Amino acid sequence: MYQPLADILRPQTLDEVYGQEHILGKDGVLRRLVDSGNIPNMIFYGPSGTGKTTVANIIAKQTQRTLYQLNATTASTADIKNIVSQLDTFLAPNGVLLYLDEIQSFNKKQQQSLLEYIENGKITLIASTTENPYFYVFNAILSRSTVFEFKQISAEAALQAIHRAVKYLEARNGLTADPEEGALEYIAGACGGDIRKAMNALEVLFSVGVQQDGKITLTLADAKAVTQKSAMHADREGDNYYDLLSALQKSLRGSDPDAACHYLARLLEAGQMQAACRRMMVTAAEDIGLAYPMILPIVKSCVDMALMVGMPEARIPLGDAAVLMATAPKSNSGYLAMNEALADVRKGLAGDFPRHLQNVHADTYTMEREQGYLYPHDFPNHYVKQQYLPDILAGKTYYHYGPNKVEQAAKQYWDAIKGE
């Protein structure tokens, strides 16, 4: 029976777990908890392939607890009741350690069905999720659990796991591996921090390698072929999707063209071009705005071009837009002004329209011919002072000129005309 390499080489001790030194290192909190034997209810949060299930298995082994595993995407309340029925029996003399994968797939009622048993300690819950638990796990479970974040595994840590796997495959197949320069490193980098994917890719690489004189050649070309786009995580329902969009906008806002191109490339490789286009247009208005007003039609033109030609050529206008946006002067003055105005409107600070701003057609009903409106174009410099805000907000200032060249030029112009 076939057994995946990742399962064969699954770590049996915490020392064999790669890439989670912040919680499993010598002074890591989770490491010290496991060593103490006092295991609380926990939630493991992080990307796939980072060791969440593995650590749960090691905890069960070290604490000699009966381990039950459920996947919330397929499990039901009946499955939980079946586990509960075995409490206080010879099947679970020390209580149960329940590993519930993808807990975010359980609804509120299903999650609440666990509460009584995790409170009295008969069930110790270790739940895992790839989504932010503070958004997807109900407060009743969260308040009774300790959250540990599993980080995406670095290429360096993944390479350590790959070298260990190579030694195993050499011994199993009676061959000496002869990897081309960069082949193993490519898999380590392309696995996207997912050890399971790295193991799968390496196993396929060994299967297709050329064998001769007791050696097996592992080529860089084959490594690229077997990994393909496995590193690109951008599920619209997942945290990683929104993290990528956030990283793109913050890099553009932070004037880092290199980081902006990097995150844009990741989105494009993951097939999320439209999402990248939308975020870039929003960023142009929110973070560059009035400091360089022409950025709006420029980015819109680049987006239109990208959507028209499609990938791979779309990367060219979008790359131009990203670099231009990152290197452009920044201003969020319009964004802040609109937010303040919306805040007042939502507070009910609206008030009646000043009479002179009302539609002139109202005169046919009120018979009031003179509204008192002063037509700016009849005055020097096309400006005349009059009240535009409702009385309740008269004198309120929402917009403050940004310190950039364009807005300061506008300020100087209007200060001179208004005599301010």
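Everything quoted here is computed from the prediction, not taken from an experiment.

Quick word on the overall build of the protein
Consideration 1: Tallying secondary structure elements over the protein gives 21 helices and eight strands in all.
Consideration 2: For a compact globule of 420 residues, the expected C-alpha radius of gyration is about 22 Å, and the protein comes in at 31 Å, more than 25% above that figure.
Consideration 3: Out of the 420 residues in the protein, the part that is buried amounts to 41%.
Consideration 4: Taking the intrachain contacts of the protein between residues at least 6 apart in sequence as the baseline, contacts between residues at least 24 apart amount to 73%.
Consideration 5: Approximately 23,200 Å² of the protein is accessible, and the part contributed by carbon and sulfur atoms is 53%.
Consideration 6: For the protein, the separation between the mean place of its 39 positive charges and that of its 47 negative charges on side chains is 4 Å.

Details of the nonpolar core
Consideration 1: With 30 residues, the main nonpolar core has Ile162, Ile187, Met199, Leu202 and Phe206 as its most contacted residues.
Consideration 2: Elements represented by at least two residues in this core include exactly helix 1 (5-8), helix 10 (155-173), helix 11 (183-190), helix 12 (195-208) and strand 8 (215-218).
Consideration 3: Looking at this core, the element that brings in the most residues is helix 10, giving eight residues.
Consideration 4: If near-sequence neighbours (up to four positions away) are discounted, isoleucine 187 is found in contact with Ile162, Ala198, Ala201, Leu202, Leu205, Ala223 and Thr227.

Some words on helix 17 (residues 295-309)
Consideration 1: Along its 15 residues, helix 17 runs 21 Å from first to last C-alpha, staying within 8% of the 21 Å computed at 1.5 Å per residue.
Consideration 2: Listing the buried residues of helix 17 in full gives Ile295, Val299, Cys302, Val303 and Ala306. Buried residues of helix 17, viewed axially, fall in a sector of 100°; they line one side.
Consideration 3: Buried-residue contacts for helix 17 involve helix 16 (273-288) and helix 18 (315-327).
Consideration 4: Just beyond helix 17, the residue with positive phi is glycine 310, at close to 70°.

Here's the deal with the sheet that holds strand 8
Consideration 1: Strand order across the open sheet formed by three strands is 6-8-7, with mixed pairing between neighbours. This sheet does not close on itself; its edge strands, each paired only once, are strand 6 (176-179) and strand 7 (210-212). Averaged over all adjacent pairs, the angle separating strand axes in this sheet is 25°, with direction ignored.
Consideration 2: Direction of pairing for strand 7 relative to strand 8: antiparallel, over a ladder of three bridges. In the strand pairing of strand 8, glutamine 211 is matched with isoleucine 216.

Here's the deal with the side chain of threonine 124
Consideration 1: Along the chain, threonine 124 turns up in strand 4 (residues 123-129).
Consideration 2: The class of threonine 124 is buried, set by a relative accessible area of 6%.
Consideration 3: Once residues within four sequence positions are removed from consideration, threonine 124 is found in contact with Ile39, Pro40, Asn41, Arg65, Val96, Leu97 and Leu98.

Notes on the confidence of the model for the protein
Consideration 1: Overall, the prediction assigns the protein a mean pLDDT of 85, with 91% of residues at 70 or greater.
Consideration 2: pLDDT under 50 marks residues 234-239. Its contacts with residues more than four places away, or in other chains, come to 18 contacts.

Examining the pattern of salt bridges
Consideration 1: Counted under the stated rule, the structure contains 10 salt bridges.
Consideration 2: In this structure, glutamate 16 engages arginine 164 in a salt bridge whose closest nitrogen and oxygen atoms are separated by 3.9 Å. Note that glutamate 16 is positioned in the loop between helix 1 and helix 2 (21-24) and arginine 164 in helix 10, a separation of 148 residues in sequence.
Consideration 3: The partly exposed category is assigned to arginine 164, whose relative accessible area is 29%.
Consideration 4: Among the salt bridges present, the one from lysine 300 reaches aspartate 304, with a minimum N-O distance of 2.9 Å. Linking lysine 300 with aspartate 304, this pair stays in helix 17, spanning four residues, or about one helical turn.
Consideration 5: With relative accessibility at 35%, the residue aspartate 304 sits in the partly exposed group.
Consideration 6: Members of the salt-bridge network, linked through shared partners, are Asp15, Arg31 and Asp35.

Rules behind the numbers
- Residues numbered from 1 in each chain as written.
- Predicted model: local features only at pLDDT ≥ 70, side-chain atom pairs only at ≥ 80, totals over all residues.
- Heavy atoms only, no water.
- Helix = DSSP H or I, 4+ residues; strand = E, 2+ residues; numbered from the N terminus.
- Rg over C-alpha atoms; globule rule 2.2 N^0.38 Å.
- Buried < 20%, exposed > 50% of the residue type's maximum accessible area, 1.4 Å probe, protein only.
- Contact = heavy atoms within 4.5 Å.
- Areas by Shrake-Rupley, 256 points an atom, 1.4 Å probe, with all protein chains shown as cover.
- Lys, Arg positive; Asp, Glu negative; His and termini not counted.
- Charge placed at Lys NZ, Arg CZ, Asp CG, Glu CD.
- Core = buried A, V, L, I, M, F, W, Y, C linked by side-chain atoms within 4.5 Å.
- Expected span 1.5 Å × (residues − 1).
- Arc of directions from axis to C-beta.
- Pairing = 2+ DSSP bridges.
- Axes fitted to C-alpha atoms, helices over the stretch in contact; angles between N-to-C directions.
- pLDDT = per-residue confidence, 0-100.
- Salt bridge = Lys/Arg side-chain N within 4 Å of Asp/Glu carboxyl O.

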